[in-house]
Amino acid sequence: MAPYESDDSTTAGDADDPRAGRRRAARYGVPVAVVGVAAVTIGLVPALADSGDPDLPRISAQKLIEKIAASDVQQLSGTVKVSTDLGLPDLGGLTGSLASGATGSGDGSSADPTAKLTELATGTHTLRVAADGPDRQKLSVLENAAEYSVVHNGKDVWGYDSASNEVYHATTDAGAGTARQDGTGPTPQRLAEDALKAVDSTTDVKVDGTAHVAGRDAYKLVVKPKDANTTVGAISIAVDAETGMPLKFTLTPASGGSAVIDAGFTKVSFAKPAASTFDFTPPKGAKVTEGDTAGHAPGTKSGDRSPAASGKGADKGTEKGRGAHAGPDGLNVIGDGWDSIAAFDTGGEGLSAGAGGGGDLNGLVGALGDKVKGSFGSGTVLSTRLINALVTDDGTVYVGAVTKDALVKAADAAK
Amino acid sequence: MSRAETVATAPPPVRPSPLWTLGLLRSELLTTLRRWRTLALLGVLAAVPVLVGVAVRIETGGSPAGGGPEGGGGPAFIAQITNNGLFLVFTALAATLPFFLPMAVGVIAGDAIAGEASAGTLRYLLVAPAGRTRLLLVKYTTTVAFCVLATLVVALSALIAGAVLFPLGDLTTISGTRITFGEGLLRALLIALVVAASLIGVAALGLFVSTLTNSGIAAMATTVGLLITVQILDQIPQLHAIQPYFFSHYWLSFADLMREPVYWDDVLRNLGVQALYAAVFGSAAWARFTAKDITA
């Protein structure tokens with residue numbers, strides 16, 4: 001980049017010449033210019049690439065939902081980026097232990113899908129998905145210099161954790177394959193279906209323009225709750241214009257700020273993935289854990305990432321920690337639509353700080369939650385950016401994607 | 001750059017032939033590689049994979065079924081070493097890349113100009129009709145050649161140690177698919193080259209620091225100090241907005257080459273960051289070196 005000869009002229013005589021000194025100083029303009037060009041490139045290129053939403057024919061929300069329902073994508077491979085920001089305090093390993101307590105899998109194999117996939121509930125993850133018909137799918141979670149893969153090929157379900165070189169194996173009968181397909185993980189398709197189930201009189205659904213997702217033209221379907229009490233602000237789903245396959249799912253909270261869940265393809269191809277993608281033989285020397293046989297499809301439970309489910313999972317963990325009380329009896333759903341609240345009586349004492357006997361967890365929950373009082377008595381509210389839960393001192397739990405006030409009102413009304 | 005051209009006064013009476021540059025490069029390479037300091041650095045780098053291999057071998061008692069350490073701790077790929085010696089190459093590179101390799105490169109790069117200055121030999125180098133830019137390019141090329149050499153020394157030593165201590169054969173990628181040993185070797189070579197390219201940024205930074213001072217030790221210490229500082233800053237979560245611009249941020253992305261299919265995004269980002277550092281600090285070194293008064 002630099003000429004060879006120019007600098008040969010630098011002699012001692014020039015040093016006294018003020019003009020030469022200025023020219024020399026000007027050389028520092030080269031690195032500064034390089035930094036400037038780089039900064040402009042980094043700043044402008046993505047902006048230019050994003051500009052101009054694709055020009056697609058107009059479509060009604062009804063038609064678009066039909067398109068999603070009719071979508072029959074059997075073969076795809078792609079990269080998915082999932083960011084989850086529930087606003088949970090970072091509990092590190094504790095979350096994991098609660099979650100594994102909740103799902104009841106304590107066998108310690110790091111390759112067990114149920115234990116592994118709960119890690120996806122927080123932070124940003126890059127996933128790779130590949131599917132070829134109902135019998136062959138693969139989901140990989142990309143980690144630092146390691147990868148966790150779940151491979152479903154015919155009757156076999158393999159989990160492979162490359163960091164610890166451990167393998168988890170389960171078999172499933174051929175019929176279960178179809179059922180598992182939509183439970184493999186938080187693919188946009190799965191998440192979109194969950195959201196569309198909630199469509200009823202309480203919800204605004206409209207097509208809001210177009211977007212580029214993973215290099216494809218897509219319609220943007222926006223689902224907005226009409227209820228004022230819910231913490232869900234809006235759900236936006238980008239639907240591939242050609243195949244009707246949901247490519248991106250974004251859930252923004254009513255309180256504003258960054259998305260609570262943002263899952264979308266960054267790369268997608270609808271070509272048939274190489275057959276070798278789905279071949280798996282346990283590496284020599286790997287520790288193989290045999291899982292449950294037919295029926296129990298691993299990954300389905302924890303793969304279900306609908307907000308309500310993750311909220312309940314946490315609650316189950318809480319309960320388990322509190323001791324040997326009977327399970328929740330009489331699950332009650334108050335209200336309908338977005339501001340519905342699940343209420344259940346744990347039949348035991350609540351989380352008052354003095355309850356004692358429940359181990360450290362009581363204190364922990366007390367410390368994390370806020371004390372509230374109402375005509376129902378008093379209780380503790382555990383809040384995230386999406387799900388709030390009220391645990392009254394007499395042991396009733398109210399959970400929902402609603403504001404704290406709505407929970408207190410529900411508790412008051414129940415009295 | 002055209003502005004620099006106008007600075008030129010009368011061209012030197014005898015234009016050195018392009019071959020002369022090669023001669024300068026050859027003598028520079030030989031001088032660098034013959035130094036005891038360089039040989040000692042390469043020796044230390046070659047010893048690391050052997051140590052890792054022997055430690056894993058003793059730990060697992062030589063039984064391939066022993067698996068790796070519990071919980072997947074330690075450098076990347078360490079759990080797979082007992083099953084396939086080729087993984088020792090990847091583990092050794094993952095273990096040396098954060099510190100040993102860039103430190104060695106920092107020593108060579110920091111010494112490049114400042115070392116000549118402190119030894120009083122820089123002015124003699126400039127008496128030869130090479131020109132400052134050409135000398136700087138030769139110094140930088142030598143440093144980059146050392147990056148490649150150092151990485152290959154680690155990889156080869158790891159390959160030999162892995163072949164002696166552990167079985168070889170078809171290997172499982174971290175995505176769970178199988179590739180043949182030949183393809184594994186090719187990937188190992190590719191990974192070694194990517195690792196060498198990861199050091200280009202440090203080399204350019206070290207060369208720039210080297211033009212700032214007349215003390216070789218100061219230049220080496222500053223380069224290695226910067227290296228450690230950046231590595232620490234890269235661990236602080238609050239700085240995540242600027243971390244992608246640290247030269248060390250994507251270093252361990254070479255492991256993505258062991259995925260199937262290969263995940264190129266971070267590897268390409270790493271190479272882009274290295275090219276940016278080479279351009280910025282290379283041109284800064286040029287600006288400084290061509291404008292500075294050589295007093296030693």
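A quick note: this is a predicted structure, and the numbers were derived from the prediction, not measured.

Draft legend 1. Summary view of the overall build of chain A. Helix and strand content of chain A: eleven helices and 18 strands. Among the 415 residues that make up chain A, the fraction classed as buried is 45%. Considering only contacts in chain A between residues 6 or more positions apart, those separated by 24 or more positions represent 57%. Here chain A displays about 18,900 Å² of accessible surface, and carbon together with sulfur accounts for 55% of that area.

Draft legend 2. Spotlight on the pairing of strand β7 (residues 203–213) of chain A. Residues and elements named next belong to chain A. Pairing analysis gives nine bridges linking β7 to strand β8 (residues 216–225), with the strands arranged antiparallel. Within β8, the position partnered with Ala-211 by the bridge is Ala-218. Following β7, the chain reverses through two residues before pairing antiparallel with β8; Ala-214 in that reversal takes a positive phi of roughly 50 degrees.

Draft legend 3. Inspection of unusual backbone geometry at higher detail. Looking along the chain, the bond that leaves Glu-260 of chain B and enters Pro-261 of chain B is cis, with omega of -5 degrees. With respect to the element layout, Pro-261 of chain B can be found in the loop between α10 (216–233) and α11 (265–291). The phi dihedral of Ala-145 of chain A falls on the positive side, at around 55 degrees, and the residue is not glycine. Following the sequence through the fold, Ala-145 of chain A ends up in the loop between β3 (136–143) and β4 (146–153). Here the phi dihedral of Asn-165 of chain A falls at roughly 55 degrees; this positive angle occurs in a residue that is not glycine. Tracing the chain through its elements places Asn-165 of chain A in the loop between β5 (156–161) and β6 (166–171).

Draft legend 4. Structural detail: the UniProt feature "transmembrane region" (unreviewed entry) in chain B. Residues and elements named next belong to chain B. Annotation from UniProt places "transmembrane region" (unreviewed entry) at residues 39–58, 78–101, 144–168, 188–209 and 216–233. Measuring from the first to the last C-alpha atom of residues 39–58 gives 29 Å, for a span that is 100% helix and 0% strand. Its end C-alpha atoms 32 Å apart, residues 188–209 is made of 95% helix and 0% strand.

Draft legend 5. Region of interest: the environment of Thr-250 of chain A. Residues and elements named next belong to chain A. Considering the arrangement of structural elements, one finds Thr-250 in strand β10 (residues 246–253). Sequence-wise, Thr-250 and Ser-236 are 14 residues apart; in three dimensions their C-alpha atoms are separated by 5.1 Å. Beyond its immediate sequence surroundings of up to four residues, Thr-250 is in contact with Ala-234, Ile-235, Ser-236, Ala-259, Ile-261 and Asp-262. A polar contact is formed between the side chain of Thr-250 and the side chain of Asp-262, at a distance of 3.2 Å.

Draft legend 6. Layout of the packing of aromatic side chains. Residues and elements named next belong to chain B. Tallied over the entire structure, the rule returns ten aromatic pairs over all chains. Here the aromatic rings of Phe-208 and Phe-281 are separated by 5.7 Å at their centres, their planes lie at 45 degrees, and the arrangement is tilted. With Phe-208 in helix α9 (residues 200–212) and Phe-281 in helix α11, the pair connects residues that are 73 residues apart, well separated along the chain. In terms of burial, Phe-208 and Phe-281 fall into one category: buried. Ring geometry for Phe-247 versus Tyr-277: centroids 5.5 Å apart, planes at 85 degrees, classification edge-to-face. In this pair, Phe-247 is assigned in the loop between α10 and α11 and Tyr-277 in helix α11, connecting sequence segments 30 residues apart. Summarising the burial analysis for this pair, Phe-247 and Tyr-277 share the class buried.

Draft legend 7. Molecular detail of the nonpolar core. Grouped together as the largest cluster of nonpolar side chains are 79 residues, with contacts concentrated most on Phe-77, Phe-90 and Phe-254 of chain B. It is helix α7 (residues 132–165) of chain B that provides the largest number of residues to this core, a total of eleven residues. Each residue touching Phe-77 of chain B, except ones within four places of it in the same chain, is listed here: Ala-145 of chain A together with Phe-87, Phe-90, Thr-91, Ile-174, Phe-254, Ala-255 and Met-258 of chain B. Membership of the second largest hydrophobic core comes to 26 residues, among which are Leu-86, Val-239, Ala-241 and Ala-401 of chain A.

Draft legend 8. Region of interest: the pairing of β8 of chain A. Residue and element names in this part refer to chain A. In terms of burial, β8 is largely enclosed, as seven of its ten residues are buried. Judged from the six bridges that link them, β8 and strand β9 (residues 232–240) form a sheet pairing that is antiparallel. The residue of β9 that forms the bridge with Lys-220 is Ala-238. Adjacent in sequence and paired antiparallel, β8 and β9 are bridged by six residues.

Draft legend 9. Seen up close, the sheet that holds strand β11 (residues 261–269) of chain A. Residues and elements named next belong to chain A. Taken in spatial order, the twelve strands of this open sheet run β7-β8-β9-β10-β11-β1-β2-β3-β4-β5-β6-β12, and their pairing is mixed. The two strands at the open ends of the sheet, each matched to only one other strand, are β7 and β12 (287–290). Looking at each pair of strands side by side, their axes are set apart by 20 degrees on average, direction ignored. The sheet contact formed by β5 and β6 spans six bridges and is antiparallel. Residue pairing for β6: Val-157 is matched across the bridge by Ala-170.

Rules behind the numbers
- Residues numbered from 1 in each chain as written.
- Chains lettered and ligands numbered in written order.
- Predicted model: local features only at pLDDT ≥ 70, side-chain atom pairs only at ≥ 80, totals over all residues.
- Heavy atoms only, no water.
- Helix = DSSP H or I, 4+ residues; strand = E, 2+ residues; numbered from the N terminus.
- Buried < 20%, exposed > 50% of the residue type's maximum accessible area, 1.4 Å probe, protein only.
- Contact = heavy atoms within 4.5 Å.
- Areas by Shrake-Rupley, 256 points an atom, 1.4 Å probe, with all protein chains shown as cover.
- Pairing = 2+ DSSP bridges.
- UniProt positions renumbered as here; feature names shortened; annotations may be inferred.
- Polar contact = N/O pair within 3.5 Å; in protein donor to acceptor, adjacent residues only side chain to side chain.
- Phe/Tyr/Trp six-rings, centres within 6.5 Å; stacked < 30°, edge-to-face > 60°.
- Core = buried A, V, L, I, M, F, W, Y, C linked by side-chain atoms within 4.5 Å.
- Axes fitted to C-alpha atoms, helices over the stretch in contact; angles between N-to-C directions.

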